[in-house]
Amino acid sequence: MACLPIIEYPDPRLRQCSEPVAIFDAELGQLVDDLIETLHATKAIGLSAPQANVFSQVLVTDLSGNASDPQVYINPEILAKSVPGLVEESCLSVPGVVGNVVRATQIRIRAQDRAGEIFERNLEGMHAVCVQHEMDHLVGKLFVDRLSLFRRLRLRASAARAHSSGAA
Ligand code: NI
């Protein structure tokens with residue numbers, strides 16, 4: 001197992017779309033294990049493969065707060081959504097930014113596990129929000145795209161300043 005480096009905004013790789021997983025082999029299993037280890041090391045609640053520079057439709061979550069409930073969603077698709085609510089989000093790839101975005105607070109999802117088995121599940125609350133956030137990464141979207149224009153412009157300006165001053 002290995003902890004993977006996380007790509008950070010405004011790196012253009014975060015805009016790349018990820019490919020569906022077709023082969024459920026040991027290499028995929030290794031990726032899933034590495035994503036879970038990275039998720040737990042960073043104490044985040046969700047992580048997608050493209051954030052770790054792997055452009056496959058894989059995401060992991062753990063909402064337990066004590067690293068005891070890692071969940072894996074491969075080739076996820078949302079089957080149904082509740083009415084949306086306003087929720088506060090942050091992202092490992094956009095350090096230091098917290099913002100309110102609109103998300104469905106209940107979803108029904110279909111995905112595959114690491115063995116390729118298809119499953120369907122109802123998700124609620126932060127789990128539903130987290131999976132939608134990570135699914136955005138699979139199509140090159142970031143939660144900051146969903147913030148107000150004013151917040152986005154300020155964010156872009158501060159990212160450009162950090163870049164020109166050589167900050168990481
Ligand atoms: Ni994120």
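Residues numbered from 1 in each chain as written. Predicted model: local features only at pLDDT ≥ 70, side-chain atom pairs only at ≥ 80, totals over all residues. Heavy atoms only, no water.

Caption draft 1: Structural detail: the overall build of the protein chain. Broken down by element type, the protein chain carries three helices and seven strands. Each helix (α) and strand (β) of the protein chain, taken in turn from the N terminus, gives the series α-β-β-β-β-β-β-β-α-α. Whereas a compact globule of 168 residues would reach a radius of gyration of roughly 15 Å, the protein chain reaches 16 Å, a difference of no more than 12%. Partitioning the intrachain contacts of the protein chain with sequence separation of at least 6 by distance along the chain shows that 63% fall at a separation of at least 24. Roughly 8,800 Å² of accessible area belongs to the protein chain as shown, and the carbon and sulfur atoms make up 53% of that amount. Of the side chains in the protein chain, 16 bear a positive and 20 a negative charge, and the two mean positions are spaced by 11 Å. (Helix = DSSP H or I, 4+ residues; strand = E, 2+ residues; numbered from the N terminus. Rg over C-alpha atoms; globule rule 2.2 N^0.38 Å. Contact = heavy atoms within 4.5 Å. Areas by Shrake-Rupley, 256 points an atom, 1.4 Å probe, with all protein chains shown as cover. Lys, Arg positive; Asp, Glu negative; His and termini not counted. Charge placed at Lys NZ, Arg CZ, Asp CG, Glu CD.)

Caption draft 2: Structural view of the coordination of the nickel ion. Looking at the metal site, the nickel ion is ligated by Cys91 (SG), His133 (NE2) and His137 (NE2), spaced 2.1 to 2.2 Å from it. In the primary sequence, the donor residues of the nickel ion line up as C-x41-H-x3-H. Of this pair, Cys91 sits in strand S4 (residues 84–91) while His137 sits in helix H2 (residues 125–138), and the two are 46 residues apart along the sequence. (Donors = N, O, S within 2.8 Å, 3.2 Å for Na, K, Ca; no water.)

Caption draft 3: Structural context of the side chain of Gln51. Counting through the fold element by element, Gln51 comes out in the loop between strand S1 (46–48) and strand S2 (58–61). On the accessibility criterion, Gln51 (1% relative accessible area) is buried. In terms of polar contacts, Gln51 uses its side chain to reach the side chain of Ser93, at 3.0 Å. If we skip the residues at most four places from it in the chain, Gln51 touches Pro5, Ile6, Ile7, Cys91, Leu92, Ser93, Glu134 and His137. (Buried < 20%, exposed > 50% of the residue type's maximum accessible area, 1.4 Å probe, protein only. Polar contact = N/O pair within 3.5 Å; in protein donor to acceptor, adjacent residues only side chain to side chain.)

Caption draft 4: Examining the nonpolar core more closely. The biggest cluster of nonpolar side chains holds 16 residues, and the ones touching the most others in it are Leu28, Val32, Leu35, Val58, Val60 and Ile74. Listing elements by their share of this core, those giving two or more residues are helix H1 (26–42), S2 and strand S3 (71–81). The biggest single contributor to this core is H1, with six residues. Setting aside residues up to four positions removed in sequence, Val60 forms contacts with Val32, Leu35, Ile36, Leu39, Ile45, Gly46, Leu47, Gln71 and Val72. Formed by 15 residues, the second largest nonpolar core is a distinct cluster that contains Tyr9, Val101, Phe143 and Val144. (Core = buried A, V, L, I, M, F, W, Y, C linked by side-chain atoms within 4.5 Å.)

Geometric descriptors of this kind do not, in isolation, establish any biological role.
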